[in-house]
Amino acid sequence: MCEIFGVSAPFEFAANEYLREFFSHSEFHPHGWGLACISKNCVSVEKESTKASKSHYLRGRLTQPAAAKIILAHIRYATIGNVDYKNCHPFTGKDNTGRRWTLIHNGTIFDYAPLNPYVKKQRGDTDSERLFLYLIDRLNAAQNKKGSKLPFEERFELFDKIISDMAKGNKLNLIFTDGKYVYAHTNCRGTLHYLSRDGVTIISTRPLDSDGWQPFPFTQLNAFYKGRLIKSGTVHNNEYFESEEAMKLLYQIFANL
């Protein structure tokens with residue numbers, strides 16, 4: 001699988017120390033890396049389909065501050081989708097009101113029929129990109145129906161329903177943002193953690209130091225604003241368990257990459 005990392009802060013937070021530790025995990029996740037520094041509707045995305053620990057570009061990049069109020073990072077272990085730049089996270093795009101969204105995902109969508117049409121629409125061939133495109137389309141449909149932008153509360157309710165449903169039988173660890181709010185979710189026990197310190201919340205697949213990390217709230221969508229948890233969704237209890245059948249499917253898929 002992959003690993004994900006996110007920051008929500010009330011100020012421009014330089015995450016270099018945490019990012020160096022996070023990207024060092026690429027020895028076990030060698031199929032690409034990505035970094036997004038986000039300020040409102042401006043998103044700077046840098047990524048490569050090479051192992052992070054072997055990237056001369058990333059090594060040089062982290063000698064300069066990686067600072068923003070919202071930061072997302074990803075290291076990839078390919079399960080669905082070839083080892084290719086177009087399959088590296090983060091994925092980013094605008095909804096029909098011009099609001100830009102950015103998403104990273106750690107997991108596998110084994111079976112969720114609403115994603116099937118996006119096989120022909122996506123640029124790459126990952127389930128994560130299909131998930132991202134589906135979220136944007138559902139948001140666009142709701143905004144078209146209303147005839148205006150959805151306020152935060154209505155957007156959260158929409159995403160909460162979608163993710164609660166999609167989590168059934170699928171591994172759905174993800175972080176996504178509209179440049180203002182950071183949404184995060186896990187349904188695989190022990191695979192997402194967070195640290196809140198000095199007004200900053202850092203989310204990571206694994207703790208990045210020994211400084212009081214906690215398990216992320218489980219089977220529940222949560223939203224952060226400027227480092228604060230401001231909204232928690234339905235506890236849907238659709239926990240993902242690795243099964244022998246699922247692992248066989250992953251091995252078959254990976255063998256064809």
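Presented here is a report on the structure given in the accompanying data block. (Residues numbered from 1 in each chain as written. Predicted model: local features only at pLDDT ≥ 70, side-chain atom pairs only at ≥ 80, totals over all residues. Heavy atoms only, no water.)

## Focus on the nonpolar core
Move 1: Trp101, Leu131, Phe159, Met166, Leu172, Phe176 and Tyr183 are the most contacted members of the largest nonpolar core, which has 29 residues in total.
Move 2: Counting only elements with at least two residues in this core, the list comes to strand S6 (100–108), helix H3 (127–146), helix H4 (152–166), strand S7 (171–177) and strand S8 (181–185).
Move 3: For this core, the leading source of residues is H4, giving 7 residues.
Move 4: Among all residues touching Met166, those that are not within four sequence positions of it are Ile109, Tyr112, Leu115, Leu131, Tyr134 and Leu172.
Move 5: Listed in part, the 25 residues of the second largest apolar core include Phe13, Cys37, Ala68 and Trp213. (Core = buried A, V, L, I, M, F, W, Y, C linked by side-chain atoms within 4.5 Å. Buried < 20%, exposed > 50% of the residue type's maximum accessible area, 1.4 Å probe, protein only. Helix = DSSP H or I, 4+ residues; strand = E, 2+ residues; numbered from the N terminus. Contact = heavy atoms within 4.5 Å.)

## Quick look at the sheet that holds strand S12 (residues 222–225)
Move 1: Spatial ordering of the open sheet is given by S5-S6-S7-S8-S12-S13, a layout of 6 strands whose pairing is antiparallel. The strands lining the two open edges of the sheet, one partner per strand, are strand S5 (91–94) and strand S13 (228–232). The sheet shows a mean angle of 25 degrees between the axes of neighbouring strands, direction not considered.
Move 2: Two elements, S5 and S6, share 4 bridges in a ladder whose sense is antiparallel. In the strand pairing of S6, Gly93 is matched with Trp101.
Move 3: Across the face of the sheet, H3 comes into contact with S5, S6 and S7 while running at roughly 135 degrees to S6.
Move 4: Relative to the sheet, H4 contacts S6, S7, S8, S12 and S13, its axis offset from that of S8 by approximately 20 degrees. (Pairing = 2+ DSSP bridges. Axes fitted to C-alpha atoms, helices over the stretch in contact; angles between N-to-C directions.)

## A word on unusual backbone geometry
Move 1: Of the consecutive residues His89 and Pro90, the connecting peptide bond is found in the cis state with omega at 5 degrees.
Move 2: In this structure, Pro90 sits in the loop between strand S4 (67–75) and S5.
Move 3: The residue Lys226 is not glycine, and still its phi comes out positive at about 50 degrees.
Move 4: Counting through the fold element by element, Lys226 comes out in the loop between S12 and S13.
Move 5: For Lys226, a relative accessible area of 38% gives the class partly exposed.

## Here's the deal with helix H1 (residues 16–24)
An α-helical segment advances 3.6 residues per turn. Residues three or four places apart therefore align on the same side.
Move 1: Taken together, the buried positions of H1 are Asn16, Tyr18, Leu19, Phe22 and Phe23. Taken down its axis, H1 places every buried residue within 155 degrees of arc, on the same side.
Move 2: Among the structural elements, strand S1 (3–14), strand S2 (33–39), helix H2 (56–61), S4, strand S9 (193–197) and strand S10 (200–204) are those in contact with the buried residues of H1. (Arc of directions from axis to C-beta.)

## Some words on the side chain of Ser8
Move 1: You can see Ser8 is positioned in strand S1.
Move 2: For Ser8, the side chain forms a polar contact with the main-chain nitrogen of Gly227, separated by 2.8 Å. (Polar contact = N/O pair within 3.5 Å; in protein donor to acceptor, adjacent residues only side chain to side chain.)

## Focus on the sheet that holds S1
Move 1: Read across the sheet, 7 strands follow the order S3-S2-S4-S1-S10-S9-S11 without closing on themselves; strand pairing throughout is antiparallel. Every interior strand has two partners, whereas the edge strands, strand S3 (42–48) and strand S11 (214–215), have only one.

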